[in-house]
Amino acid sequence: MRVLLVGAGGVGTAVTRIAARRDFLAHMVVADYDPARAEAAVAALGDAGSRFSARRLDASDEDAVRRALIEERCDVLLNATDPRFVMPLFTAALAAGTHYVDMAMSLSVPHATDPYARCGVKLGDEQFARGEAWERAGRLALVGMGVEPGLSDVFARYAADELFDEIEEVGVRDGSNLTVEGYDFAPSFNIWTTIEECLNPPVVYEKDRGWFTTAPFSEPEVFDFPEGIGPVECVNVEHEEVLLIPRWVGARRVTFKYGLGDDFIAKLKTLHELGLDATAKVTVPGPEGPVAVSPRDVVAACLPDPATLGDRMKGKTCAGTWVKGTKNGAAREVYLYHVVDNEWSMREYGSQAVVWQTAVNPVIALELIAAGTWKAGGVLGPEALPPRPFLDLLTAYESPWGLREGH
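In this report, we go over the structure that sits alongside the text. Treat the numbers as computed from the prediction; the structure is a model and nothing was measured.

About the criteria used
- Residues numbered from 1 in each chain as written.
- Predicted model: local features only at pLDDT ≥ 70, side-chain atom pairs only at ≥ 80, totals over all residues.
- Heavy atoms only, no water.
- Helix = DSSP H or I, 4+ residues; strand = E, 2+ residues; numbered from the N terminus.
- Buried < 20%, exposed > 50% of the residue type's maximum accessible area, 1.4 Å probe, protein only.
- Core = buried A, V, L, I, M, F, W, Y, C linked by side-chain atoms within 4.5 Å.
- Salt bridge = Lys/Arg side-chain N within 4 Å of Asp/Glu carboxyl O.
- Patch = residues over 30% accessible without salt bridge, like charges linked within 9 Å, V, L, I, M, F, W, Y side chains within 5 Å.
- Areas by Shrake-Rupley, 256 points an atom, 1.4 Å probe, with all protein chains shown as cover.
- 1 Å grid on protein atoms, 1.4 Å probe; cavity = no way out; pocket = protein on both sides within 12 Å on 5 of 7 lines; lining within 4 Å.
- Points joined across faces, edges and corners; volume = space filled by probe spheres on them.
- Polar contact = N/O pair within 3.5 Å; in protein donor to acceptor, adjacent residues only side chain to side chain.
- Contact = heavy atoms within 4.5 Å.
- Pairing = 2+ DSSP bridges.
- Axes fitted to C-alpha atoms, helices over the stretch in contact; angles between N-to-C directions.

1. What to know about the environment of L163
Checked against the element boundaries, L163 lands in helix α7 (residues 151–163). Looking at L163, the relative accessible area reads 8%, which means it is buried. Counting along the chain gives 171 residues from L163 to V334, while the straight-line C-alpha distance between them is 8.7 Å.

In structure tokens, the structure reads:
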């Protein structure tokens, strides 16, 4: 399999380090707007980098991406950029006749008059609208294939197939006890994406009501995470699983809650109140005259790059799916989860825990596609495909998953 990886940030670099250890990969082209980042990702692989090359590529230039896929004879495009670039990359892959994999879906737009009760444009709507074109082309657009969304969706499918007869609720729950030495505020993941998902109206699904929205950070609950992480308060956050899981898994309710913490939530609210979460450009003075900049891009530029924080990070991160329902007439609750210890991921791969946990899942998906184990056409989420081969490979990647009975 030949892969065009677009984005050589923290997750993209972790992808290269994981993929370099697997035999299914014939060649990976590592592309980034900043060629130095792509070149650094390849150089860091040392002798293992013979199957990798670097090139400059503007993810917003759909035609340039299409040409790169054809020139490099790629079978699949793996999108490791932030969600702003989903649609040009998604469209370029279809035009080039390749498969496509991303870890976050096309952006939402809040309802114009009732944003905290009704959905406007939902996450992924633009991609699903083009599903027939992908089906006609016989190509797979696998959307939301990171850890959350991604592995969490695989867990939901596995629970429906093997653990439950009926499902009352699927609740994705994410928490950690990670700390970053020397920083009061240092998000462990892309701040552009973090702001987008945390400040947009969260989406909830109920079978009798469909998809609807609520206020940011609503419905707080304390969830007890495994492997020593312990109790963490989680709140509703906009996330792709709520838009994906109901399409293929029968459940009466689907939610996503994230363990953010009071301090983190307060800082995000302050950014919003000051207008610093905005993506529309504003004009500011510059040394050579007025300059147009996005406030959110300024925030991102002022914060440390999450990919560089690994040496200062301590603790574990947990992604998982809590499922409540019945099996053989008896009530049952399980939590399917995946924990990564930052000390382990730094020692084994040189990548901090959050980006490594995100990156391992699309690499596994690529391997399943390359082997023909996951074979389909159209725009699909991970829960549309067989879960057991994925979970078996996750263990083979020396990163096993767990199952806990009860809440």
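From this point on, the discussion continues.
2. Let's talk about the nonpolar core
Grouped together as the largest cluster of nonpolar side chains are 90 residues, with contacts concentrated most on M28, V30, F52, L142, W374 and F390. For this core, the element with the highest residue contribution is helix α13 (residues 353–371), accounting for eleven residues. Residues L4, V29, L69 and A141 belong to the second largest nonpolar core, which totals 27 residues.

3. A look at the pattern of salt bridges
For the structure shown, the criterion picks out 25 salt bridges. For E168, the salt bridge is made with K324, and the minimal N-O distance between the two is 3.8 Å. With E168 in strand β7 (residues 166–176) and K324 in strand β17 (residues 316–327), the pair connects residues that are 156 residues apart, well separated along the chain. Owing to a relative accessible area of 33%, E168 belongs among the partly exposed residues under this scheme.

4. A few points about a nonpolar patch on the surface
On the surface, a nonpolar cluster with roughly 180 Å² of combined accessible area is contributed by V282, V284 and V291. Considering the arrangement of structural elements, one finds V291 in strand β15 (residues 291–293).

5. Remarks on empty space enclosed by the protein
If a probe the size of a water molecule is rolled over the atoms, the empty space left behind becomes visible. Taken as a whole, this structure holds one cavity of 30 Å³ or more when the rule is applied. In this model, the largest cavity occupies a volume close to 90 Å³. As for the largest cavity, its lining consists of 16 residues, of which S108, V121, V203, T213 and E238 are closest to the centre.

6. Notes on the side chain of R253
Tracing the chain through its elements places R253 in strand β13 (residues 253–258). Side chain to side chain, R253 and E206 meet in a polar contact 2.6 Å long. The contacts of R253, once residues within four sequence positions are left out, are E168, E169, V170, V204, Y205, E206 and E219.

7. A look at the sheet that holds strand β1 (residues 2–6)
Reading across from one edge, β3-β2-β1-β4-β5-β6-β19 is the order of the seven strands in this open sheet, with parallel pairing throughout. Each edge of the open sheet carries a strand with a single partner, namely β3 (52–56) and β19 (378–380). On average, each strand axis in the sheet is inclined to that of its neighbour by 20°, with strand direction left out of account. Sitting on the sheet, helix α1 (residues 10–19) touches β1, β2 (27–32), β3 and β4 (76–79), and the angle it makes with β2 is about 170°. Against the sheet, α13 makes contact with β1, β4, β5 (99–102) and β6 (140–142), and its axis sits at roughly 160° relative to β5, the strand it touches most.

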